[in-house]
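# An overview of the molecular structure
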There are 2 protein chains.
Amino acid sequence: MSEWMRIGELAGRAGVTLRTIRHYERLGLLPKGEREGNGQHYYPEASIARLEKIDQLKRLGLTLEEVSGVIDLYFSDPSRRSAKRKVLSILRQHLSQTDEKITALTKFRSDLQAHIDRFDQWLNDS
Amino acid sequence: MSEWMRIGELAGRAGVTLRTIRHYERLGLLPKGEREGNGQHYYPEASIARLEKIDQLKRLGLTLEEVSGVIDLYFSDPSRRSAKRKVLSILRQHLSQTDEKITALTKFRSDLQAHIDRFDQWLNDS
DNA sequence: CTTAAACATGACGTTAACGTAACGTTTTAG
DNA sequence: CTAAAACGTTACGTTAACGTCATGTTTAAG
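Small disclaimer: the values here were computed from a predicted structure and weren't measured.

Turning to the interface of chain A and chain B, a few remarks are in order. The figure often quoted for interface size is the accessible area lost as the parts come together. If you look at the interface, chain A gives 34 residues, while chain B gives 34 residues. Interface of chain A and chain B: buried area, both sides summed, is about 3,700 Å²; carbon and sulfur atoms make up 71% of it. Its largest share of buried area at the contact with chain B, chain A owes to F108, F119 and L123 of chain A, together 18% of the area lost on that side. Linking chain A to chain B there are four salt bridges. The tally of links from chain A across to chain B stands at four residue pairs in polar contact (both at pLDDT 80 or more). Of all the elements in the fold, those that place two or more residues in the side of chain A that touches chain B are α3 (46–59) and α5 (81–125) of chain A. At 26 residues, the largest contribution of residues to the side of chain A that touches chain B is made by α5 of chain A. The class makeup of the residues in the side of chain A that touches chain B is 17 nonpolar, seven polar and ten charged.

All names here are of chain B. Mapped onto the secondary structure, T103 falls in helix α5 (residues 81–125). Residue class for T103 comes out exposed when judged on its relative accessible area of 53%. Each C-alpha atom of the pair T103 and L10 lies 37 Å from the other, and the pair is 93 residues apart in sequence.

Once that is clear, we can look at the packing of aromatic side chains. Aromatic rings considered in pairs are described by the distance between their centres and by the relative angle of their planes. All names here are of chain A. Across all of its chains, the model carries two aromatic pairs over all chains by this definition. Ring geometry for F119 against W122: centres 5.7 Å apart, planes inclined by 75 degrees, an arrangement best described as edge-to-face. Placement of the pair is F119 and W122 together in helix α5, with a separation of three residues, close to one helical turn. Take F119: its relative accessible area is 1%, and that puts it in the buried class.

Positive charge collects at one region of the surface, where R19, R22, R26 and K32 of chain A lie side by side. Take R19 of chain A: it is sitting in helix α2 (residues 18–26).

Neighbouring residues of DNA strand C: 20 residues in total, closest R22 and H41 of chain A together with T17, Y24 and N38 of chain B. Sugar and phosphate atoms form 75% of the subset of DNA strand C atoms that lie within 4 Å of the protein. Here Y24 of chain B contributes a side-chain N or O atom positioned 2.8 Å from a phosphate oxygen of DNA strand C. In the environment of DNA strand C, a phosphate oxygen lies 3.0 Å from a nitrogen or oxygen atom belonging to the side chain of K58 of chain B. Of all the elements in the fold, those that place two or more residues in the surface near DNA strand C are α1 (7–14) and α2 of chain A together with α2 (18–26) and α4 (64–70) of chain B. No other element matches α2 of chain B, which puts four residues into the surface near DNA strand C. The residue inventory of the surface near DNA strand C, partitioned by class, reads three nonpolar, ten polar and seven charged.

Quick notes on the rules
Residues numbered from 1 in each chain as written. Chains lettered and ligands numbered in written order. Predicted model: local features only at pLDDT ≥ 70, side-chain atom pairs only at ≥ 80, totals over all residues. Heavy atoms only, no water. Contact = heavy atoms within 4.5 Å. Buried area = accessible area lost by both parts, 1.4 Å probe. Salt bridge = Lys/Arg side-chain N within 4 Å of Asp/Glu carboxyl O. Polar contact = N/O pair within 3.5 Å; in protein donor to acceptor, adjacent residues only side chain to side chain. Helix = DSSP H or I, 4+ residues; strand = E, 2+ residues; numbered from the N terminus. Nonpolar A, V, L, I, M, F, W, Y, C, P; charged D, E, K, R; others polar. Buried < 20%, exposed > 50% of the residue type's maximum accessible area, 1.4 Å probe, protein only. Phe/Tyr/Trp six-rings, centres within 6.5 Å; stacked < 30°, edge-to-face > 60°. Patch = residues over 30% accessible without salt bridge, like charges linked within 9 Å, V, L, I, M, F, W, Y side chains within 5 Å. Areas by Shrake-Rupley, 256 points an atom, 1.4 Å probe, with all protein chains shown as cover. Lys, Arg positive; Asp, Glu negative; His and termini not counted. Charge placed at Lys NZ, Arg CZ, Asp CG, Glu CD. Near = heavy atom within 4 Å.

Don't take any of this as a statement about function, it's just geometry.
Structure below.
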């Protein structure tokens, strides 16, 4: 509906608390937006997507500090070639880190499976 | 060499600090072992494997409390059928949780890849 | 216009997983 | 035997990511 929303609506639609939003603002994770002299903050729709991306990165195990180091890469639209290259290299680092995590988890999965098989065997033997 | 080691050696061989070991002891994650009246603690080789397993579970994102809830499953040798079944069901829960994590990470990976491809395209266009 | 709901700001509280300092024994190298 | 290294115990400190007041202002409903 409206172009701009206040913090309460943003929190509700993004599924976070007011405190979280203010926390992220202080960490520079989320841009603010004051309006007129009233003191209240108004946010654009884009803030929702940003909060959701932050949550996604968090669930992947990144700390807020790490998130703040890369969050802009997902929303910025760098025009200079050098900026593009930089973004690309960081994204590639992320990719390989992700691959490592997946590998570790996969190994853990197979360990688990082995354990389960062993117990199953035992159960049938006894 | 020796059957029993003191805390310093255990820490060194397991790659953790003394503080960590004591912390885990208080949480019940690692069994103690006093000896004679001298007050010092002596640990068996098995403690190393236990610390390593704890570390592995931690790296998978489990909290110490969660770890303490399952760590025994990896070392106990339940003799009763009912115990075996219980262990099995918990291990299976772990397996499905692990699968979920892998799925989430895989999706993230493909998102990342898409991002990278888009940037690559851009770079070639410009 | 009045009052409750929403918002702003500041500050103290909380949990997890140890770090680090302080201080007194025990073990060990020389 | 003596000094240094290792150990035990207690207790306060630290970081992350917010939660939870407390208090004052702004907005919105009736």
